[in-house]
Amino acid sequence: MAGCLRYAARPKFTTYYGCMSPMDSTTPSFSFTPNPAPVSPERRAELMANPGFGRVFTDHMATVSYTEGRGWHDAKVVPYGPLSLDPASSVLHYAQEIFEGLKAYRTPEGSVVMFRPDANARRFRDSAARMAMAELPEELFVGAIEALVRADRDWVPSGEGQSLYLRPFMISNDVFLGVKPASEYLFCVIACPVGAYFGGGCVSVWVSETYTRAAPGGTGAVKCGGNYAASLQAQAESKREGCDQVLFLDSREQRYVEEMGGMNVVFVDGDTLVTPPLGGTILPGITRDTLLMLARARGLKVEERPLPIDEVFEKAASGQFSEAFACGTAAVISPIGKLRRPTGEAVFGDGVTPGALSLSLKDELVGLQTGRGNDANGWVHRIL
Ligand code: PLP
Ligand code: COI
């Protein structure tokens, strides 16, 4: 897809032409209505100097509508602003909502790239299918992001650890209170320049024995907003316990490690990475998948297996599990210093210094994501 969106400049109204691929000849063009009052370059520079995470938004957003019978239509990039929803809109009542998270990076040469957006597009389709929503063609998912990034290219930061976080999401939009899959949907992409999700150093993690995140047959493996709503009490519990994040256990026995509120989790046992398997209750993280591939390419071993929480505490105590980290788009790799539960604490390394393998995997990953690595797998997707 790289380079397949063309930009035809006209003074007031500009059109992004979507990529007409033989697989999906219906991919529409994106019309472009420029924001009449964009953030000034001075204010933008100020905001981008210290953007935090998820508070500063760019000048535009991309939207595409879906209506049963008509399909996907009205693809546009418009000024960022409130959506107008009927109070009976089905998403407000029955939560047919899904989202994705990915990033655009500024390369050392000044171009702009994304990392494995096709994987996010596929996962978005899987999420839609599970939630009985209309499935967005992958070309349109990537095309919408490209159109938005092109419009808001000046918002892609170049500072260390910074990127433009992209948040594609879709809501059902039927005005009807009957419980059924909707016949209208709105797909939207917004973007925000971001720095690190966590501050520096190691994160501390609370193992919740009160709440679980997902049950077999449920929605744990897809990215629907409801999963996150259901995690908030557990996250609040972890804050009360003085921790940064929550780790969930399986819902059947509360015995096996699953994942964190917004990240997968990996433990380091010598030259082996140990992580819970994808079994339908955890999100198949693209960062997780990438790191496991990078680790295998380095000759490290990877064990994707049910991992009892007691084993984690025992092997942390003996020093066999020398490192642990959380991984995800927002978190990248965040080394875990400590896990806490009501009966005690598991400390990795000295509890405050990030482990060497976590750091070197992070370096390799960030190098690839920012276009500085050897992209042997064709993961880097150039936009500009
Ligand atoms: N698990 C959950 C619950 C998440 O929200 C995320 C973030 O997207 C991840 C794992 C990591 O997924 P990815 O690496 O694709 O961002
Ligand atoms: C991401 O890493 O992109 C996520 O979606 C996790 C969190 C910010 C919700």
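Residues numbered from 1 in each chain as written. Chains lettered and ligands numbered in written order. Predicted model: local features only at pLDDT ≥ 70, side-chain atom pairs only at ≥ 80, totals over all residues. Heavy atoms only, no water.

Caption draft 1: Local environment of the nonpolar core. One finds Phe30, Trp72, Phe141, Val149, Leu166, Met170 and Phe187 to be the most contacted residues of the largest nonpolar core, which totals 45 residues. Broken down by element, this core gets its largest block of residues, nine residues, from helix α4 (residues 138-151). Among all residues touching Phe141, those that are not within four sequence positions of it are Glu100, Leu102, Pro117, Asn120, Ala121, Phe124, Leu136, Pro168 and Phe187. Counting 25 residues, the second largest nonpolar core, distinct from the first, contains Leu247, Ala316, Ala326 and Ile336. (Core = buried A, V, L, I, M, F, W, Y, C linked by side-chain atoms within 4.5 Å. Buried < 20%, exposed > 50% of the residue type's maximum accessible area, 1.4 Å probe, protein only. Helix = DSSP H or I, 4+ residues; strand = E, 2+ residues; numbered from the N terminus. Contact = heavy atoms within 4.5 Å.)

Caption draft 2: Expanded view of the site of ligand 2. Close contacts around ligand 2 come from Phe99, Gly101, Tyr165, Arg167, Tyr197, Lys223, Tyr228, Gly262, Thr329 and Ala330, and that covers them all. Here an oxygen atom of ligand 2 and a side-chain polar atom of Lys223 are 2.7 Å apart. Ala330 places a main-chain nitrogen or oxygen 2.8 Å from an oxygen atom of ligand 2. Starting from 280 Å² of accessible surface for ligand 2 in isolation, the protein chains cover 88%. When the residues that make up the shell around ligand 2 are grouped by side-chain class, the tally is five nonpolar, three polar and two charged. Taken domain by domain, the makeup of the shell around ligand 2 includes at least three residues from each of domain 1 (31-195) and domain 2 (203-369). (Near = heavy atom within 4 Å. Polar contact = N/O pair within 3.5 Å; in protein donor to acceptor, adjacent residues only side chain to side chain. Areas by Shrake-Rupley, 256 points an atom, 1.4 Å probe, with all protein chains shown as cover. Nonpolar A, V, L, I, M, F, W, Y, C, P; charged D, E, K, R; others polar. Domains from an automatic or database assignment.)

Caption draft 3: Local environment of the pairing of strand β12 (residues 245-249). In terms of burial, β12 is a largely internal element, five of the five residues being buried. Alternating residues of β12 divide into Gln245, Leu247 and Leu249 and Val246 and Phe248, and every residue in both groups is buried. Where strand β11 (residues 203-207) lies against β12, three bridges are found, and the strand directions are parallel. In the sheet register, Val205 faces β12, and the bridge partner there is Gln245. In this region the chain leaves β11, passes through helix α5 (residues 225-240) and returns to the parallel neighbour β12; the handedness of that crossover is right-handed. Note that β12 and strand β13 (residues 257-260) share two bridges and pair antiparallel. For Leu249, the partnering residue across the bridge sits in β13 and is Val257. (Pairing = 2+ DSSP bridges. Right-handed = clockwise from strand over helix to strand, strands pointing away.)

Caption draft 4: Expanded view of helix α1 (residues 41-49). Where α1 is concerned, the buried positions are Arg44, Leu47 and Met48. Projected onto a plane normal to the axis of α1, the buried residues spread over an arc of 95 degrees and lie on a single side. More than 90 degrees from the buried face of α1, the exposed residues found are Glu42, Glu46 and Ala49. Check the buried side of α1 and you find it contacts β10 (184-194). (Arc of directions from axis to C-beta.)

Caption draft 5: Geometry of helix α3 (residues 117-130). With 14 residues, α3 extends 20 Å from end C-alpha to end C-alpha; this agrees with the ideal 20 Å at 1.5 Å per step. Every buried residue of α3 is listed here: Pro117, Ala119, Asn120, Ala121, Arg123, Phe124, Ser127 and Ala128. Backbone geometry just after α3 places Ala132 at a positive phi near 55 degrees. (Expected span 1.5 Å × (residues − 1).)

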